[in-house]
Every structure is written in C-alpha cells, then in structure tokens.
Amino acid sequence: MKVLFVSYEVYPIAKVGGLADVAGSLPKYLKELGVEIDLLMPFHKSIDKNMAIKTDENISTRFVKREVSFEVYRAKLPKSDVNVFLLYNERLMDSKEIYGASNLGFQAMSFSDAAAGFAVDKGYDIVHLNDWQTALIAVYLKQREAKCKTLLSIHNLAYQGVYGKEYLDLSGIEKSNRNEIFEAGKINFLKAGLVFSDKLSTVSPTYAKEIQTKEYGAGLEDILSRRRSDLVGILNGIDYYEYDPERDERLWANFSQDNIESKKINKSNLQQLVGLPKKDDALIGLISRLVDQKGLDLIEDIKDELMKLPIQIVVLGTGESKYEDMFRILQKNYPEKVAARLTFDLDLAQKIYGGADMFLMPSRYEPCGLGQMFAMRYGTVPIVRYTGGLADTVHEFDPENNGNGFGFVDYDAKKLLGALKKALKVYFQPELWKKVVRNAMRQDFSWRVSAINYLSLYKKILEVNNDA
Ligand SMILES: Nc1ncnc2c1ncn2[C@@H]1O[C@H](COP(=O)(O)OP(=O)(O)O[C@H]2O[C@H](CO)[C@@H](O)[C@H](O)[C@H]2O)[C@@H](O)[C@H]1O
C-alpha cells in the first residue's frame with residue numbers, strides 16, 4: 001500500500017501548531033507498520049534550503065488558470081526513514097511565515113493541483129489530506145479521473161480557506177463539481193474536500209460527533225452529518241521517542257514515574273529561567289496559540305480571583321494581540337505570579353511541560369489537543385474543559401484515586417475557577433498529588449494504537465476501491 005501524506009506543516013521542518021506534530025510523527029509509526037508512506041509539503045521560505053536535495057523533476061499545475069511550475073526537492077524526515085518531498089515555487093513562497101504568503105489562497109490551490117499530479121505520476125494508492133490547505137487535492141484528483149483514493153483529516157474545522165468568486169474562476173474547478181463548494185459568492189476549500197474525499201476523519205471520537213452539530217460544526221455540520229458513515233474520529237498520539245522525560249535533553253533533570261521527585265529540579269530551574277520567585281505554589285503552564293479557540297477569555301474573566309490563589313503561571317504563546325496584551329499586563333501587574341513569553345520557542349515549551357505542576361487548557365473547542373498529552377507524559381497534571389479530545393483524554397481525579405486531571409464542562413469562567421480550586425486542594429496533599437501525577441504519566445498516548453486505527457481505515461478505503 002503506497003500512501004502520500006500531504007500537509008502544510010511537518011515537525012521539525014515547519015511548525016505552527018499541532019498539525020505539524022501529527023504530520024511529523026504519524027507517518028513514522030505507519031511506516032513501522034509496513035505502509036509505504038511518503039510526505040509531501042510546500043517548500044516554505046522559512047525552511048533551510050540545505051535540508052533537502054533538488055531533484056531534476058518539476059511538476060506543473062494542470063487546472064489552475066495561471067500555470068505554475070514547482071521544483072521538486074527531497075529530504076528525509078529527521079530521525080526516520082520516511083521520504084519528504086517538497087514543492088518549491090519562488091514567486092508563491094514569498095513569506096517567512098508559513099501562512100503569511102501574499103496570496104495564500106492561490107498558493108494552496110496551486111500546490112494542491114500540483115500535488116494531485118505528483119500523486120498520480122508516482123502511483124500512490126491513497127492520498128491522505130490534512131486540513132483546508134490540501135483539501136482541493138480531492139477535487140483535482142477527481143478531475144484527473146485518478147485511481148487513487150483520498151482521506152481528508154480535519155484538525156481544525158474553524159479554518160476553512162474561504163475565498164471570493166475570482167478564486168473559483170482561477171481554480172479551474174469544473175462546473176459540474178462546483179455546486180456545493182460555492183456558496184454565497186465564496187469558494188470553500190475545506191468543504192470541497194469534505195464533499196469529494198472518499199473518507200473523512202478527525203482527531204478524536206468526541207470531536208467527530210460534536211462537528212455534526214450546529215454548535216461545533218462551523219457551518220459545515222450539514223455536510224458532515226450527511227457523510228457521517230464516512231467520518232471517523234481517531235485520537236491523535238504523540239511521539240514517544242521524541243518526548244520522553246527519561247531522556248529529554250532539554251530538561252535540567254530527567255525523571256520517570258518511579259522518580260517523580262526529580263521533576264522538582266525542573267520546576268525550580270524553570271522558575272529561575274522565567275524570572276518567577278522559587279516558591280512551592282502550584283506552577284501552572286499554558287502553551288498555546290493565543291486564539292479564541294483556546295478559552296482564554298475565561299481566564300480574562302477571573303484574572304483577579306486567579307491572582308489571589310497560591311499559584312504562579314508561565315505562559316508561552318503567540319497570537320491575537322488582545323490575548324498577548326492580557327498576559328503582558330498580568331505579568332506587569334503581578335511579576336511574582338505571572339511570566340509571559342509571547343514568542344514561539346520549542347525548547348522552552350519542553351522545559352514548561354517538564355517543570356510545571358499543572359497545565360491549563362480551558363478550550364472553547366478542541367479537536368484533539370496535544371498539549372494535555374505532552375503535559376501528562378511529563379507528569380504535569382492537566383486542567384481542561386471537557387470538550388473534544390480533551391474529554392477523551394482527561395478524566396477527573398476522584399476519591400478512589402482514579403483519573404489523571406481536573407476539569408469542567410460548561411463554558412463558564414466560574415467553573416474553570418472551581419476546577420482549579422479542586423486541583424489545588426489535591427496539590428497541597430503531596431501524597432495524593434503524587435497519585436494523580438502517576439496516573440497521568442501511566443497513560444499511553446503514543447501513536448501505537450492510533451496508527452493501527454489509521455492503517456485499518458486505509459485498508460477499508462482500498463476495499464471500497466476494489467469493490468468498485
Ligand atoms: N509559542 C509556542 N512555542 C512552542 N510551541 C508551541 C507554541 N504554541 C503552541 N505550541 C505547540 O504547538 C502544539 C499545539 O498543539 P495542539 O494540538 O494543542 O493545538 P493546535 O490548536 O495548534 O492544533 C490543532 O491540530 C491538532 C492536531 O490534530 C489538534 O490536536 C488540535 O486540537 C487542533 O486545534 C503543541 O505541540 C504546543 O506545544
């Protein structure tokens with residue numbers, strides 16, 4: 001079985017958020033299961049030119065109205081045997097930011113058209129698409145009458161790639177394929193993928209159900225519920241080789257379930273690094289894109305009450321200025337309690353996962369969420385809103401000492417405060433706290449199980465193919 005996994009982000013080559021983590025790890029595990037899998041991504045301007053070798057191949061668009069030619073580069077996914085192909089066009093890749101191109105819509109469309117050609121030329125059986133940026137591949141494959149099948153994975157329904165009519169004209173999408181993807185004068189790239197892909201998946205079972213409702217469907221609930229028999233939720237995993245508290249060189253001290261005490265060394269070093277006083281207060285980490293999805297307005301609502309609790313907060317994130325400002329001001333007003341690092345820093349992220357006591361993720365919606373999984377792997381207890389993948393991975397610590405975290409259901413700031421207080425109560429009983437930390441560390445969030453689920457899905461897609 002030959003699979004082409006297509007993504008705009010692949011860790012460690014280019015990363016903005018969780019999509020990169022998935023694309024940089026799932027293919028490795030599928031390869032171990034015997035799938036012949038290659039990655040395909042744009043050669044973003046931010047990527048070091050020396051990491052890949054230029055091949056003598058070029059691949060051109062076939063449908064988009066202004067023909068675009070891409071040079072094909074080749075590399076290996078670091079620490080693996082997985083091939084990565086990168087498509088480069090100097091004019092289209094004109095920004096150091098992954099999503100900063102002057103014409104991102106046209107870039108994504110041209111990349112998708114060329115990617116469809118690449119998949120056909122190389123004879124892949126399945127093309128695995130990820131999010132709106134690659135969703136048009138399903139349409140272009142259909143227009144090529146290609147044999148290969150498609151799976152579209154939704155990592156975040158809120159980003160859909162919606163563009164004006166001129167993009168529909170530019171796209172070269174045939175009239176017969178336009179019906180559902182052109183609405184109210186706009187073309188919707190993600191919807192095109194939802195209509196034309198053979199199978200659909202999203203990154204947790206709960207989110208798969210939620211997105212069929214008006215509350216979470218972001219306007220696409222109808223097509224998603226119509227296609228529910230083709231839609232599955234497969235929980236993301238994390239890379240257990242790359243993220244291992246026993247070996248992680250970014251930590252000051254390594255630790256394991258049997259040696260949780262060493263985690264304290266990381267805490268005090270982290271406090272020093274970010275300029276917080278060394279105290280026994282609970283150190284809460286928050287690592288996130290600072291956007292509405294992540295429930296940060298709940299923090300804003302209770303910030304004064306929060307500052308009265310025996311806690312310190314270390315925030316690492318970039319995003320909307322209203323949230324960056326909120327944390328900047330909190331740090332200014334409470335320098336002993338809040339450290340805000342408004343930057344993108346993978347090294348600091350690991351130090352926070354390793355050194356914090358708790359990890360805060362009060363998301364409004366969360367397709368899967370990786371932050372809480374990294375946190376648990378490093379013995380950092382999650383406090384979450386039970387939605388999407390957070391509901392599938394975090395379970396309330398109870399009087400029988402079962403459970404790996406704390407949370408709340410209603411999207412309500414007081415409920416968040418209540419969850420934090422529950423966590424603090426346990427935190428100040430060190431023997432009990434060790435139990436919840438151990439429970440969190442004992443979870444298996446590796447790709448082991450989920451990769452097998454993807455493999456079964458690939459097989460199912462090909463069975464459909466053979467029957468046809
Ligand atoms: N400033 C910063 N510095 C360093 N690292 C930072 C950072 N800001 C964020 N990160 C890292 O980016 C990743 C975020 O992943 P998440 O899955 O938690 O959310 P995201 O919304 O990006 O992903 C979307 O896609 C993923 C993958 O499917 C889904 O899990 C998720 O629910 C969905 O919203 C984590 O690895 C985190 O450590």
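Bear in mind the structure is a predicted one, so any value in this text is a computation, not a measurement. (Residues numbered from 1 in each chain as written. Predicted model: local features only at pLDDT ≥ 70, side-chain atom pairs only at ≥ 80, totals over all residues. Heavy atoms only, no water.)

1. Digging into the packing of helix α16 (residues 413-427) against helix α17 (residues 430-442)
The description of two helices packed together rests on the angle between their axes and the distance between the axes.
Point 1. Packing of α16 against α17 brings their axes to within 7 Å, and their N-to-C directions diverge by 115°. For the pair α16 and α17, contact is made by A423, V426 and Y427 and by P430, L432, W433 and V436, respectively.
Point 2. Split by residue class, the contact of α16 with α17 holds seven nonpolar, no polar and no charged. (Axes fitted to C-alpha atoms, helices over the stretch in contact; angles between N-to-C directions. Helix = DSSP H or I, 4+ residues; strand = E, 2+ residues; numbered from the N terminus. Contact = heavy atoms within 4.5 Å. Nonpolar A, V, L, I, M, F, W, Y, C, P; charged D, E, K, R; others polar.)

2. Quick word on the UniProt feature "domain: Starch synthase catalytic" (unreviewed entry) in the chain
Point 1. Taking the UniProt record as the reference, the feature "domain: Starch synthase catalytic" (unreviewed entry) is found at residues 2-225.
Point 2. Between the end C-alpha atoms of residues 2-225 there is a gap of 30 Å, over a span that is 32% helix and 25% strand. (UniProt positions renumbered as here; feature names shortened; annotations may be inferred.)

3. Quick word on the pairing of strand β14 (residues 311-319)
Point 1. Burial runs high along β14: seven of the nine residues are buried.
Point 2. The pairing of strand β13 (residues 282-290) with β14 spans nine bridges and is classified as parallel. Bridge assignment links L283 to a residue of β14, and that residue is Q312.
Point 3. In the sheet, β14 pairs with strand β15 (residues 338-341) via four bridges, with the strands oriented parallel. By the bridge assignment for β15, V314 is matched with A339.
Point 4. Regarding the hand of the β-α-β motif, the stretch spanning β14, helix α12 (residues 321-333) and β15 is right-handed. (Buried < 20%, exposed > 50% of the residue type's maximum accessible area, 1.4 Å probe, protein only. Pairing = 2+ DSSP bridges. Right-handed = clockwise from strand over helix to strand, strands pointing away.)

4. Remarks on the nonpolar core
Point 1. Counting residues in hydrophobic clusters, the biggest one holds 173 residues, and the most contacted among them are L306 and F327.
Point 2. It is helix α2 (residues 104-122) that provides the largest number of residues to this core, a total of ten residues.
Point 3. Mapped onto the domain boundaries, this core takes at least three residues apiece from domain 1 (2-237 + 448-467) and domain 2 (257-444).
Point 4. Setting aside its immediate chain neighbours within four residues, F327 contacts L286, L290, L296, I299, V315, V338, A340 and L342. (Core = buried A, V, L, I, M, F, W, Y, C linked by side-chain atoms within 4.5 Å. Domains from an automatic or database assignment.)

5. Regarding the pairing of strand β6 (residues 126-130)
Point 1. Burial analysis of β6 places five of its five residues in the buried class, the great majority of the element.
Point 2. Residue alternation in β6 divides its side chains into two sets, I126, H128 and N130 and V127 and L129, and both sets are buried.
Point 3. Here strand β1 (residues 2-6) pairs with β6 via three bridges, running parallel. Bridge pairing in β6 places F5 opposite H128.
Point 4. Relative to strand β7 (residues 149-154), β6 is paired through five bridges, and the arrangement is parallel. Pairing of N130 across the sheet is with S153, part of β7.

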